Structures are given as structure tokens and as C-alpha cells.
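Okay, here's what each chain looks like letter by letter:
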Amino acid sequence: MNPDEQKHEKLQAVVDSVDKSQLSSIKTVVSGIVNTINDPGATVKDLQDIIEIDPPLTAKVLRIANSAYYSSPNQISEIRQALVWIGTDAIRELALSQKVCEIFQKDEVIHGYSRTMLWKHSVAVALLAKMIFRREFGQKGEDIYAAGLMHDIGIIVEDQFLQNDFKHILSKTKGEKKNLSKAEYEVLGYTHTDVAREVTNRWNFPQELVVSIGYHHRPNNTTQGFLRFGSTLYLADCLCQMTKIGYADAPFHDKAAFEQCLKNGSIRISQRRLVPEIATFCSLG
Ligand SMILES: [Fe+2]
Ligand SMILES: [Fe+2]
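The numbering scheme is per chain: residues are counted from 1 as the chain's sequence reads. For this description, chains carry letters from A and ligands carry numbers from 1, given in the order in which they are written. With the structure being a predicted model, the display of local features is reserved for residues of pLDDT at least 70 and the display and counting of side-chain atom pairs for 80 or more, all residues being used for whole-chain, interface and lining totals. Each side-chain value is derived from all of the structure's non-hydrogen atoms; neither hydrogens nor water enter the calculation.

A short note on the nonpolar core
Nonpolar cores were defined as sets of buried Ala, Val, Leu, Ile, Met, Phe, Trp, Tyr and Cys residues, with membership established by side-chain atoms within 4.5 Å. A 1.4 Å probe rolled over the protein chains alone gives each residue an accessible area, and that area as a share of the maximum for its type sets the label: buried under 20%, exposed over 50%, partly exposed in between. Counting 82 residues, the largest nonpolar core has Ile51, Leu62, Met150 and Leu209 as its most contacted members. Strands here are runs of E lasting at least two residues and helices are runs of H or I lasting at least four, both read from the DSSP assignment and numbered beginning at the N terminus. No other element matches the 11 residues that helix H7 (residues 115–137) contributes to this core. Contacts between residues were defined by any pair of non-hydrogen atoms, one from each residue, lying within 4.5 Å. In this view, Leu62 contacts Ile76, Ser77, Glu78, Ala82, Ala146, Met150, Phe205 and Leu209; residues no more than four positions away in its chain are not counted.

Observations regarding the packing of aromatic side chains
Only Phe, Tyr and Trp rings are paired, with Trp represented by its six-membered ring, and only when their centres lie within 6.5 Å; those with planes under 30 degrees apart are stacked, over 60 edge-to-face, the remainder tilted. Scanning all chains against the criterion turns up six aromatic pairs. With a centroid separation of 6.0 Å and 55 degrees between ring planes, the pair formed by Trp203 and Phe205 is classed as tilted. Members of the aromatic cluster, each reached through a chain of ring pairs, are Tyr113, Phe166 and Tyr247. Counted as over-ring charges are cases with an Arg CZ or a Lys NZ within 6 Å of the ring centre that also lie within 35 degrees of the ring normal. A cation over an aromatic ring shows up here: Lys130 above the ring of Tyr145, its NZ or CZ 5.3 Å from the ring centre. Lying across the ring of Tyr215, Arg197 places its NZ or CZ 4.5 Å from the centre.

Re the coordination of the iron ion (ligand 2)
Ligating atoms shown are N, O and S within 2.8 Å of the metal, or 3.2 Å for Na, K and Ca, and water is not included, meaning a site may look less than complete. Donor atoms from the polypeptide that bind the iron ion (ligand 2) are His121 (NE2), His151 (NE2), Asp152 (OD) and Asp237 (OD), placed at 2.2 to 2.4 Å. Geometry assignment treats four donors as tetrahedral when all angles are between 85 and 135 degrees, treats four as square planar and six as octahedral when opposite donors are over 155 degrees apart and all others between 65 and 115, and treats everything else as irregular. Taken together, the four donor atoms coordinating the iron ion (ligand 2) span angles of 79 to 172 degrees at the metal, a pattern that classifies the geometry as irregular. Donor residues binding the iron ion (ligand 2) come from one chain and are separated in sequence as H-x29-H-D-x84-D. Since its relative accessible area comes to 0%, His121 is described here as buried.

What to know about helix H8 (residues 142–150)
A large share of H8 lies buried, amounting to nine of its nine residues. Along H8, the residues classified as buried are Glu142, Asp143, Ile144, Tyr145, Ala146, Ala147, Gly148, Leu149 and Met150.

Some points on unusual backbone geometry
The backbone of His111 sits at a positive phi, close to 45 degrees, despite the residue not being glycine. The residue His111 is located in the loop between helix H6 (88–96) and H7 in this model. Positive phi, normally seen in glycine, also occurs at Lys244, with a value near 60 degrees. Along the chain, the position of Lys244 falls in the loop between helix H14 (227–242) and helix H15 (255–264).

Observations concerning the environment of Met242
The residue Met242 is located in helix H14 in this model. On the basis of relative accessible area, Met242 is assigned to the partly exposed category, the value being 28%. Separated by 208 residues in sequence, Met242 and Val34 have C-alpha atoms that sit 34 Å apart.

What to know about the packing of helix H9 (residues 153–161) against helix H10 (residues 163–175)
Every axis in this analysis is a line fitted to C-alpha atoms, fitted for helices over the stretch in contact. Angles between the N-to-C directions lie between 0 and 180 degrees. Axis separation between H9 and H10 bottoms out at 5 Å; the angle between their running directions is 120 degrees. In terms of orientation, H9 lies oblique with respect to H10. For the pair H9 and H10, contact is made by Ile155, Glu158, Asp159, Gln160 and Phe161 and by Gln163, Phe166 and Ile169, respectively. Grouping the constituent residues of the contact of H9 with H10 by class yields four nonpolar, two polar and two charged. When an angle is under 35 degrees it counts as roughly parallel; over 145 it counts as roughly antiparallel; between 65 and 115 it counts as roughly perpendicular; any other value is oblique. The residue classification treats Ala, Val, Leu, Ile, Met, Phe, Trp, Tyr, Cys and Pro as nonpolar and Asp, Glu, Lys and Arg as charged. All others, Gly included, are polar.

Take it as geometry only, folks, not as evidence of what the structure does.
Structure follows, in C-alpha cells:
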């Protein structure tokens, strides 16, 4: 087996683990979800409000909604649409069976990373991406929100299923001052974007999610039909990292790619205007 085949096999083994087990959520987030779920008067909107702040649970809901069992006529990329399609009883069951993160219950910070910081980053990117879609394109932005929330799901996979390698990777990002993807490639031969692309593809997510999440650090690789989606995600990710909202996996971003994304999406956002707003809005800054 050549080195490329070996890497591919290792990547597939990780994706298989995610398939067999489930991604865990942060304990405090799940407590809030359980309270809402146990309220007999809770509406779909209440469930949406609480589920759409949790990347693993959102991924689970979209995975189920896009599965053969629920056989939706169209692929679903919006959380609300997925919830309506599955129905409240099934959502209650899903949420109540959600696994809680054991490793980070104490929210240990390892070389500048913690699950809570990653969670803050994910919610901030989702909100900012949605704001860009609303302001620049006059769209509701529910689908780009889901992409933003789940874009770093590959990091959650590594944190949960490859703990020793992940700690080694994190030590390289701090010690040698490099982006997470570079350190991942050196240690694993693949990155969290490769993991996310494989996982979301296997779960039959719509291609705009697979492609934008799967190339969120290499927006130039985004295919033509998804340029606006991919560019918005890249810009939102970079802007949140520049402003240090939560965990930053790519503090050394590519300035040329940033400019290209502004052009690709015909986006006129200014960091000065948007980021303070999002920081206040999220109260995460
Ligand atoms: Fe990332
Ligand atoms: Fe990110």
C-alpha cells in the first residue's frame, strides 16, 4: 500500500468511528436542551433555538433528516426544515439520547484550545455568515448558518476519536506557531476539513454544505456553483479569528484568498463594522 492509500485508509477508519458512535456535545449546552425538551409546551421554534447552538446535535438532526429512512424529496440544509420534517417526538428522543462530552467536562484548555472555545467560535462564525447573507444578498441565511455552525466539526471528531494525536497536533500549533491544518497534515496526513468532507458526504448532506465545510480553509478549491457559500464561510471564519472570538484554528490566514472571496461573493463587508456587532451580539468577545 503506498503512503497516499495508507492515509486514505486511516481517514476512512476515523469516519467509520464517527458513523458507529456519535459526536458528543458540551454538557452545559445539553442541560439547556434537556430542560426545553422536558417542557411539554415546547414548540418547534423553542427546540430550534436550543438545537441550533450545538454543532453535534445539529449535525445529528441534519443527518437523520437526510437519511434514507426519512427520504425527503429534497436534501435538507436548514435546521428548521429538518426539525419540521423529522417531527417533535423524534427530535425529543434524539436530543435526550445525545452523548455528553466527557473529556472536556472540566473544560481543560490544551495549548490554547478547549471545546468551549471551539463552540464559541462555531456559533460566532454561524451568526456572522448569516448576517453577511442577509445584508449582502437579502437571503435568510439559514443554510449558511448551519454550515458555519458545523464547519469545524472535523476538530470535534479529532478531539473525541484521536485524542493523543490531537494533543500532539495542538502542541505543534502553539510551539511552532502554525495553523491547525498544517500541524494536522504533518501528524495525520489529512486535516479536519478532509474529515468533515468525508463525514458530511457519507451522511448525504447537501453539496453546498459538504463543499463549503470541506474546503473552508482552501476556498479556491470551492466549485463554481458554491462560490458565494464558500466565500462567505471563509470570510466569516477569518473575521472571527482576527477578532479572537473563541478558538482560532487558522490565525495565519491567506490574505490573497480573503480578497478573492470578497470578490467572488461581491461582498463589501468591512471588518471594522461587522465584527464589533457580532461580538456584542454573541457576548462572546
Ligand atoms: Fe477550521
Ligand atoms: Fe473555524
